[in-house]
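# Working through the structure, step by step
So you can see what is in the structure, the chains are spelled out below.
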Amino acid sequence: MVRRAIAAGQFYAKEKAKLEEEVNKALSEAKKTAGKKVLGIIAPHAGYVYSSKCAAFSYNAIKNQSFDTFIILGSNHTGRGKRISVSGQDFEVPNGIAKNDSEFTGKLAEIYGLNEDSHAHEHSIEVQLPFLLSIFKNVRIVPITLASYSYAECCELARNLQTIVKQLKRKVCVIASSDFTHYGFAYDYVPFSGTKEEVKKKLYDLDKKAIELIESMKAEKFLQLSRDMTICGAEAITVSIKLCKMLGAKSAELLNYYTSGDVSGDYTNAVGYASIAFV
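Please read all numbers here as calculations on a predicted model, not as lab measurements.

About the criteria used
Residues numbered from 1 in each chain as written. Predicted model: local features only at pLDDT ≥ 70, side-chain atom pairs only at ≥ 80, totals over all residues. Heavy atoms only, no water. Salt bridge = Lys/Arg side-chain N within 4 Å of Asp/Glu carboxyl O. Helix = DSSP H or I, 4+ residues; strand = E, 2+ residues; numbered from the N terminus. Buried < 20%, exposed > 50% of the residue type's maximum accessible area, 1.4 Å probe, protein only. Axes fitted to C-alpha atoms, helices over the stretch in contact; angles between N-to-C directions. Parallel < 35°, antiparallel > 145°, perpendicular 65-115°, else oblique. Left-handed = near helix turned anticlockwise from the far one by under 90°. Contact = heavy atoms within 4.5 Å. Nonpolar A, V, L, I, M, F, W, Y, C, P; charged D, E, K, R; others polar. Phe/Tyr/Trp six-rings, centres within 6.5 Å; stacked < 30°, edge-to-face > 60°. Lys NZ or Arg CZ within 6 Å of the ring centre and 35° of its normal. Pairing = 2+ DSSP bridges. Arc of directions from axis to C-beta. Polar contact = N/O pair within 3.5 Å; in protein donor to acceptor, adjacent residues only side chain to side chain.

## Quick word on the pattern of salt bridges
Side-chain pairing between opposite charges can occur once the charged atoms of the two side chains come close. Within this structure, the stated rule accounts for eleven salt bridges. For Glu 92, the salt bridge is made with Arg 4, and the minimal N-O distance between the two is 2.7 Å. Taken together, the residues Glu 92 in strand S5 (residues 90-93) and Arg 4 in the loop between strand S1 (2-3) and helix H1 (16-29) connect sequence positions 88 residues apart. On the accessibility criterion, Glu 92 (26% relative accessible area) is partly exposed. Residues joined in a network through salt bridges with shared partners are Asp 101, Glu 103 and Arg 170.

This is the structure we're talking about:
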């Protein structure tokens with residue numbers, strides 16, 4: 001079974017050539033991270049016009065490494081399906097097909113089952129794939145979406161993933177697909193107001209608090225803080241912190257941060273984007 005692209009033409013270019021140009025331009029302009037073993041990344045999942053430059057920092061951090069499997073933890077924006085939904089499908093985007101690591105997802109499905117409902121109209125995993133497929137020849141994925149999840153459940157998922165990684169002896173890269181604070185009336189989140197410059201500073205400061213907890217690998221405190229924010233992939237990030245720590249990561253490094261307001265010039269409604277690597 002192949003899941004067809006649903007975000008092509010909306011979040012990124014629909015035509016293969018234009019998409020490849022879009023991705024390659026972002027990768028060429030983003031800073032390269034050299035000489036560090038990266039076990040996982042956090043990358044945004046907004047429209048490429050806003051977030052591809054940020055995402056490119058994360059993908060440049062892993063482009064010179066090799067992996068057997070990419071565990072992609074996405075958000076569940078639609079509310080469909082289970083709170084944790086494992087997909088058994090291959091994912092197609094205009095520049096290729098990311099094959100499902102069926103052996104890995106099969107073992108995970110023994111615990112959580114397979115559920116495609118949340119994946120059918122969800123973009124958070126899909127928008128990561130054009131970057132992966134432009135860098136790696138053979139891409140195998142374990143696609144998982146998460147809805148509201150407790151810290152204990154996040155820890156349990158991380159442990160289950162680690163167990164399967166060890167059983168199958170996979171060399172994995174963990175990808176948390178998440179944007180950061182969604183500010184403005186469009187997102188029903190206006191904890192502060194002021195001039196454009198004042199809102200920008202406060203938004204930067206708010207996301208900085210969350211990013212500092214990620215950098216210090218404080219998963220529980222991060223998830224607690226996120227409950228009062230609008231970080232759409234908070235659970236995905238929490239699981240990634242725990243799993244990457246189990247796999248040997250000692251810290252996380254912020255590679256890039258900005259907001260949609262920096263791109264559009266409008267801070268009436270703005271979303272934060274962060275590129276982070278677990279090392």
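## Side note on the packing of helix H3 (residues 102-112) against helix H6 (residues 151-168)
In the contact formed by H3 and H6, the axes pass within 10 Å of each other and the chain directions differ by 140 degrees. Comparing their axes, H6 and H3 come out oblique. H3 and H6 meet at a crossing whose hand is right-handed. Facing H3, whose interface residues are Glu 103, Phe 104, Lys 107, Leu 108, Ile 111 and Tyr 112, H6 presents Glu 156, Leu 157, Asn 160, Leu 161, Ile 164, Val 165, Gln 167 and Leu 168. Residue composition of the contact of H3 with H6, grouped by class: nine nonpolar, two polar and three charged.

## Looking at the packing of aromatic side chains
Under the definition given, this model contains nine aromatic pairs. Ring centres 4.9 Å apart and planes at 90 degrees place the aromatic pair Tyr 204 and Tyr 257 in the edge-to-face group. Of this pair, Tyr 204 sits in helix H7 (residues 196-215) while Tyr 257 is found in strand S10 (residues 252-259), placing the two residues 53 residues apart along the sequence. When the centroid spacing of 5.8 Å and the interplanar angle of 75 degrees are considered together, the rings of Tyr 258 and Tyr 273 count as edge-to-face. With a gap of 15 residues between them, Tyr 258 in strand S10 and Tyr 273 in strand S11 (residues 270-278) connect regions that are remote in the sequence. The pair formed by Tyr 258 and Tyr 273 is uniform in burial state, with each residue classed as buried. Members of the aromatic cluster, connected to one another through ring pairs, are Tyr 12, Tyr 48, Tyr 59 and Phe 131. The ring of Phe 67 is capped by Lys 171, whose NZ or CZ atom sits 5.9 Å from the centre of that ring.

## Focus: the pairing of strand S7 (residues 140-146)
The buried fraction of S7 amounts to six of the seven residues, a majority that puts the element mostly inside the structure. With six bridges joining them, strand S3 (residues 69-75) and S7 adopt parallel strand pairing. Each bridged residue has a counterpart across the sheet, and for Ser 75 the counterpart in S7 is Leu 146. Across three bridges, the pairing between strand S4 (residues 84-86) and S7 is antiparallel. By the bridge assignment for S7, Val 86 is matched with Ile 144.

## Some words on helix H8 (residues 219-226)
Turning to H8, its buried residues are Ala 219, Phe 222, Leu 223 and Ser 226. Projected onto a plane normal to the axis of H8, the buried residues spread over an arc of 95 degrees and lie on a single side. Its buried side turned inward, H8 meets H6, H7 and helix H9 (234-247).

## Let's talk about the pairing of strand S8 (residues 172-177)
The element S8 is largely enclosed, with a buried count of six among its six residues. Burial along S8 is two-sided: the face carrying Val 172, Val 174 and Ala 176 and the face carrying Cys 173, Ile 175 and Ser 177 are both buried. Sheet analysis places S3 next to S8, joined by five bridges and oriented parallel. Residue pairing across strands places Ile 72 opposite Ile 175, the latter belonging to S8.

## Concerning unusual backbone geometry
A negative phi angle characterises most non-glycine residues, just as the trans form characterises most peptide bonds. Even without a glycine there, the phi angle at Lys 169 is positive, about 55 degrees. With respect to the secondary-structure elements, Lys 169 resides in the loop between H6 and S8. With a phi angle near 55 degrees, Asp 188 is a residue other than glycine that sits in the positive phi range. For Asp 188, the position within the fold is in the loop between strand S9 (182-183) and H7. Asp 188 sits in the exposed class, given a relative accessible area of 73%.

## Some points on the environment of Thr 145
For Thr 145, the location among the structural elements is in strand S7. For Thr 145, a relative accessible area of 0% gives the class buried. Put simply, Thr 145 and Ile 72 are 73 residues apart on the chain and 8.3 Å apart in space, counted from C-alpha to C-alpha. Here Thr 145 is in contact with Gly 74, Ser 75, Asn 76, Arg 83, Ile 84, Ser 85, Ser 118, His 119, Glu 122 and Ile 125, once residues within four sequence places are set aside. In terms of polar contacts, Thr 145 uses its side chain to reach the side chain of Ser 118, at 2.5 Å.

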